[in-house]
Amino acid sequence: KAGVTQTPRYLIKTRGQQVTLSCSPISGHRSVSWYQQTPGQGLQFLFEYFSETQRNKGNFPGRFSGRQFSNSRSEMNVSTLELGDSALYLCASSLGQGLGNSPLHFGNGTRLTVT
Amino acid sequence: AQTVTQSQPEMSVQEAETVTLSCTYDTSENNYYLFWYKQPPSRQMILVIRQEAYKQQNATENRFSVNFQKAAKSFSLKISDSQLGDTAMYFCAFMKRGGGADGLTFGKGTHLIIQP
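An account of the accompanying structure is given in this report. (Residues numbered from 1 in each chain as written. Chains lettered and ligands numbered in written order. Predicted model: local features only at pLDDT ≥ 70, side-chain atom pairs only at ≥ 80, totals over all residues. Heavy atoms only, no water.)

1. Details of the overall build of chain B
In step 1: The secondary structure content of chain B amounts to 0 helices and 12 strands.
In step 2: Along chain B, from the amino end to the carboxyl end, the secondary structure elements read β-β-β-β-β-β-β-β-β-β-β-β.
In step 3: On C-alpha atoms alone, chain B measures out to a radius of gyration of 14 Å, which is about the 13 Å that the 2.2 N^0.38 rule sets for 116 residues.
In step 4: Projecting the C-alpha coordinates of chain B onto the three principal axes gives extents of approximately 40 × 30 × 20 Å. (Helix = DSSP H or I, 4+ residues; strand = E, 2+ residues; numbered from the N terminus. Rg over C-alpha atoms; globule rule 2.2 N^0.38 Å.)

In structure tokens, the structure reads:
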């Protein structure tokens, strides 16, 4: 069974631009969550989607948004990019919502660099 | 909100030795899960072991085991017979039952180096 696939692996953008990251979960998984990883802040929860609905959201500004499609694939969008948005963005999928009793499976991440 | 603290930024041991990584957490929740994740240089986070807070028995997965002390809010990871492939960042993580606005709360990580 294929794992969680994130595209692209690397991305370089300029301040003020917007970016869209993509995540394809493991087949059959209906929950997708997103995390931002930076050296300073570590790993921080962005949001979780289940059945095309955002179920939980972390403490990030409205410039960070996402969506989930009927096939469970998810996209994350960051508008008006800032230098501080440079990070590794990790996507994780799980069978069910709630995540605690259904382990997360992570992708390899998208490395976003904002210049 | 909960916090997870890993007090050892880096550890280094010889191959075949046993190593213990520390993790403490703070929460007012009673029902929750604790995890250890491994992140090798390939960047992919891999679940090592999971513990349900209502279970007193410590979880084990082959060479990996935990010492879960709920009252002390401590959740350490023991790696026995360490191997070169165990070299990675290890993250301790917390999630309350049912998820919630915090999702998985991670510690800052411990960089474990296994020396040949």
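2. Focus: the pairing of strand β4 (residues 31–38) of chain A
Residues and elements named next belong to chain A.
In step 1: Counted residue by residue, β4 has 8 buried out of 8 residues, so it is predominantly covered.
In step 2: Here β4 shows no split at all, with Ser 31, Ser 33, Tyr 35 and Gln 37 on one side and Val 32, Trp 34, Gln 36 and Thr 38 on the other all buried.
In step 3: The pairing of β4 with strand β5 (residues 42–50) spans 8 bridges and is classified as antiparallel. Bridge assignment links Trp 34 to a residue of β5, and that residue is Phe 47.
In step 4: If you look at the hairpin formed by β4 and β5, you'll find 3 residues sitting between the two strands. (Buried < 20%, exposed > 50% of the residue type's maximum accessible area, 1.4 Å probe, protein only. Pairing = 2+ DSSP bridges.)

3. Side note on the environment of Tyr 49 of chain A
Residues and elements named next belong to chain A.
In step 1: Inspection of the secondary structure assignment puts Tyr 49 in strand β5.
In step 2: Separated by 16 residues in sequence, Tyr 49 and Ser 33 have C-alpha atoms that sit 6.1 Å apart.
In step 3: Each residue touching Tyr 49, except ones within four places of it in the same chain, is listed here: Arg 30, Ser 31, Val 32, Gln 54, Ser 65, Gly 66, Arg 67, Gln 68 and Ser 74.
In step 4: There is a polar contact of 2.7 Å between the side chain of Tyr 49 and the backbone oxygen of Gly 66. (Contact = heavy atoms within 4.5 Å. Polar contact = N/O pair within 3.5 Å; in protein donor to acceptor, adjacent residues only side chain to side chain.)

4. Things to note about the interface of chain A and chain B
In step 1: In this assembly, 26 residues from chain A lie in contact with 21 residues from chain B.
In step 2: Roughly 1,800 Å² of surface becomes buried between chain A and chain B when both sides are summed, with 51% attributable to carbon and sulfur atoms.
In step 3: Where chain A packs against chain B, one counts 0 salt bridges.
In step 4: In this assembly, chain A and chain B are joined by 7 residue pairs in polar contact (both at pLDDT 80 or more).
In step 5: Of all elements in the fold, only β4, β5, β6 (53–57), β9 (87–94) and β11 (110–114) of chain A reach the threshold of two or more residues within the side of chain A that touches chain B.
In step 6: Tallying contributions element by element places β5 of chain A first for the side of chain A that touches chain B, with 3 residues.
In step 7: For the side of chain A that touches chain B, the class distribution of residues is 10 nonpolar, 13 polar and 3 charged. (Buried area = accessible area lost by both parts, 1.4 Å probe. Salt bridge = Lys/Arg side-chain N within 4 Å of Asp/Glu carboxyl O. Nonpolar A, V, L, I, M, F, W, Y, C, P; charged D, E, K, R; others polar.)

5. Let's talk about unusual backbone geometry
In step 1: Cis geometry is adopted by the peptide bond preceding Pro 8 of chain A, which originates at Thr 7 of chain A and carries an omega value of -10°.
In step 2: Looking at the element boundaries, Pro 8 of chain A is found in the loop between β1 (5–7) and β2 (10–13).
In step 3: Backbone geometry places Lys 73 of chain B, a non-glycine residue, at a positive phi of 55°.
In step 4: Tracing the sequence through the fold places Lys 73 of chain B in the loop between β8 (64–69) and β9 (74–79).

6. Topic: the sheet that holds strand β8 (residues 74–78) of chain A
Residue and element names in this part refer to chain A.
In step 1: An order of β1-β3-β8-β7 is seen for the 4 strands of this open sheet, with the pairing classed as antiparallel. In the strand order of this sheet, the two ends are held by β1 and β7 (64–68), each with one partner. Averaged over all pairs of adjacent strands, the angle between their axes in this sheet comes to 20°, without regard to strand direction.
In step 2: Note that β1 and strand β3 (residues 19–24) share 3 bridges and pair antiparallel. Bridging from a neighbouring strand, Thr 7 pairs with Ser 22 of β3. (Axes fitted to C-alpha atoms, helices over the stretch in contact; angles between N-to-C directions.)

7. Quick notes on the pattern of salt bridges
Residue and element names in this part refer to chain A.
In step 1: Taken as a whole and assessed by the stated rule, the structure comprises 9 salt bridges over all chains.
In step 2: A salt bridge links Arg 63 to Asp 85, with the shortest nitrogen-to-oxygen separation between them at 2.8 Å. Of this pair, Arg 63 sits in the loop between β6 and β7 while Asp 85 sits in the loop between β8 and β9, and the two are 22 residues apart along the sequence.
In step 3: What makes Arg 63 buried here is its relative accessible area of 16%.
In step 4: The exposure class assigned to Asp 85 is buried, which follows from its relative accessible area of 4%.
In step 5: Glu 75 is the partner of Arg 67 in a salt bridge, and the nearest nitrogen-oxygen pair spans 3.3 Å.
In step 6: You can call Glu 75 buried: its relative accessible area is 16%.
In step 7: Overlapping salt bridges, with partners in common, bring together Arg 63, Glu 82 and Asp 85 in one network.

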